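Overview (structure and organization)
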Amino acid sequence: MKGFAPIVAAVGVLAAVPLVVHSIVTLNFLVVTLMIALAGQGWNILGGYAGQYSFGHAAFFGTGAYVTAILQVRYGANAWFAFGAGIVFGAALGGIIGALTFRSGLRGSYFALVTLAFAEVLRIIASVAPITGAGVGTLINLDLGARAFQFQSRAVFYWVILALVGASLVIARLIEQSRFGAWLIAVRENEDAAKALGVDARSVKTAAMIVSGAVTAAAGCFYAQYFLFVDSGIAYGTWISIEALLTPIIGGVGTVFGPLLGALVVKSLGEGAKLVTGDVPGLDLILYGAVLVLVIGFTPRGLIGGFPQLRGWLARHRAPRASSIQEAEHG
Amino acid sequence: MLSPVILIPAILNGLLMGAVYALVALGLTLIYGVLHIINFAHGAMLSAALFAAFFAFRMLGLDPYVAVFLLAPLFFVLGYAAQRFVIGPASQGDDRNMLLVTLGIAVVIENALLFAFRADTRTINVPYAFETIDFGFTFLAVPRVVGFCAVFVVALALWLIMSFTDSGRAIRAVAKEKLGAELAGIDVAHVYAMTFGLGSACVAIAACLLIPTYYVNPTVGNAFVLIAFTIVVLGGMGSVPGALIGALLIGVVESLSGLFLGESLGQIGIFVIFIVVLLVRPSGLFGARA
């Protein structure tokens, strides 16, 4: 079980937070942050490990959210079942989009565009189709109790989303340590070379997209269950496509803890900005965009990748001083 | 099913709208042709240009058709600087990073506009906004006809720049063979920035043509840029004639599907084309194999 100790430690520390913090505002903030971290981990499995940068992960988030809400409201399904079904639908959508796009050999800008287009099509359909409640959206009835997956206490929701994030960390670590993960990284680094070595790039990428879709859909399912409301602008909006991509890129793309770290940093920044200036629209997102550009410019491997870089920089700057001391001694 | 009295004006209006799309798409395809990335900041730049045209009219009293001679050079400089000092250095030559940097810039611009001007939708009132020309069989709005003609002037100007100036030759050289161009002494960073500047200038011109009949808010550019993405994919990324023909085609498709399916579902027609082209023939109608 090598490599899992940090996950246990991180989840353990985070699990203790509600025992100390009782502020509903803070817990609410942490729940949303963890939800974004989960969506980001989904993106990270496809973008970070397989190198396929999706600009439309809202497609999965929204599908998870809508399936969870619609199954309960229109078909009277049990909330836990609906939650699971949302994840399955997300995985299926990942399989469909993956099979279509990778069959056509789309990469880079083209892949970014086609994922964006799928999210937009789903958003438009959701904004007019009767089953999604069209422009009005879908409201899940308030029915507090464990059977309906609704809890009065923010702390319980916090532990639920933390458990999901913990599971996503384990999945990422398992992928990283498996042969499948090695294939993904081979495809990311050089797809043609990977193919030449016998890696079935198409299936490997599609499989990554299925897992990715499922994980991001789980975040969407949680959204529906937590806020009890879904509409097309929330579920399939560009905000979630951007935040799902932002967190792993800022935290450390292709690393297990990148999305979690990125979500904590980014969301804290946004919240900090709101504390300073009051709730002005747009300010937090200006910061997100600026941080994104800065991180790519200065530590392309994200904040996690920044630590060794910083150490290297410090070492380089210490080295000349050491050598000049040596010279002084010799001289 | 529908009489020609409705159908023909719908097609003509689609063509006129398509011409403005063509300008937005021209900027995108130009940037793609040279830098090989999709500029995700294109929509935000269009929103910013629309705001600039709006305030040029409101505060300086400049007619949009006059302001274009001010805004196009201004946006050329802004685009040049953005590529030279932000996108280029930050992305360190990696295509995926370049995509992300343009996305980051888009988020910053869009929300800076939201921060400064709030989500309100604004319009300007020009005397000719509702004037029409009587063609005998149909009426067409004057600003749209002006836009249609202006687009072909811009396309011609671009073609002349590309064909007969040294800068144009340098841009074409870099688009064809970056390393070779660099070896021949062409400053690739400068050419990249110039291309980005030209693309931004196209956006500014499009904004000035749009503002007399359109509205402006911080997210208005997104709708256009999604259509522009479709156009450049349909026409073949990097192909200028492809962008022009694709834009006119999309303008007509949008107009007709709006007529048959209604305003909100009408957009689906465009995205379905988008996805089908991407999946079946990603090189587009006129593009080389990607």
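Structural data are supplied above this passage.
The following paragraphs examine the structure supplied in this document.

Reading the values: the criteria
- Residues numbered from 1 in each chain as written.
- Chains lettered and ligands numbered in written order.
- Predicted model: local features only at pLDDT ≥ 70, side-chain atom pairs only at ≥ 80, totals over all residues.
- Helix = DSSP H or I, 4+ residues; strand = E, 2+ residues; numbered from the N terminus.
- Rg over C-alpha atoms; globule rule 2.2 N^0.38 Å.
- Buried ≥ 20, exposed ≤ 12 C-beta atoms within 10 Å, placed from the backbone.
- Contact = placed C-beta atoms within 7 Å.
- Axes fitted to C-alpha atoms, helices over the stretch in contact; angles between N-to-C directions.
- Parallel < 35°, antiparallel > 145°, perpendicular 65-115°, else oblique.
- Left-handed = near helix turned anticlockwise from the far one by under 90°.

1. A closer look at the overall build of chain A
In terms of regular secondary structure, chain A is built from 14 helices and two strands. Over its C-alpha atoms chain A spans a radius of gyration of 21 Å, differing by no more than 12% from the 20 Å that the globule rule assigns to 331 residues. Buried positions account for 52% of the 331 residues belonging to chain A. The long-range share in chain A, meaning contacts at least 24 apart out of those at least 6 apart in sequence, stands at 76%.

2. Considering the interface of chain B and chain A
Tallying the contact residues gives 37 residues for chain B and 34 residues for chain A. Within the residue set of the side of chain B that touches chain A, elements represented by two or more residues are α3 (64–91), α4 (95–117), α9 (220–235) and α11 (263–280) of chain B. Here the element with the most residues in the side of chain B that touches chain A is α4(B); it accounts for 14 residues.

3. Quick notes on the packing of α9(B) against helix α10 (residues 240–261) of chain B
All names here are of chain B. One can describe the packing of α9 onto α10 by two numbers: an axis separation of 8 Å at closest approach and a directional angle of 125°. Comparing the axis directions of α9 and α10 gives the class oblique. The two elements α9 and α10 cross, and the hand of that crossing is right-handed. Along the contact surface, α9 presents I227, T230, I231, V232, L234 and G235, while α10 presents G242, A243, I245, G246, A247, L249 and I250.

4. Description of the packing of helix α2 (residues 42–60) of chain B against helix α8 (residues 188–210) of chain B
Residues and elements named next belong to chain B. Running from N to C, α2 and α8 point in directions that differ by 50°, and their axes come no closer than 8 Å. The angle between α2 and α8 places the two elements in the oblique class. Once α2 is placed against α8, the crossing between them reads as right-handed. Contact with α2, carried on its side by H42, M45, L46, A49, L50 and A53, involves S200, V203, A204, A206, A207, C208 and L210 of α8 and no other residues of that element.

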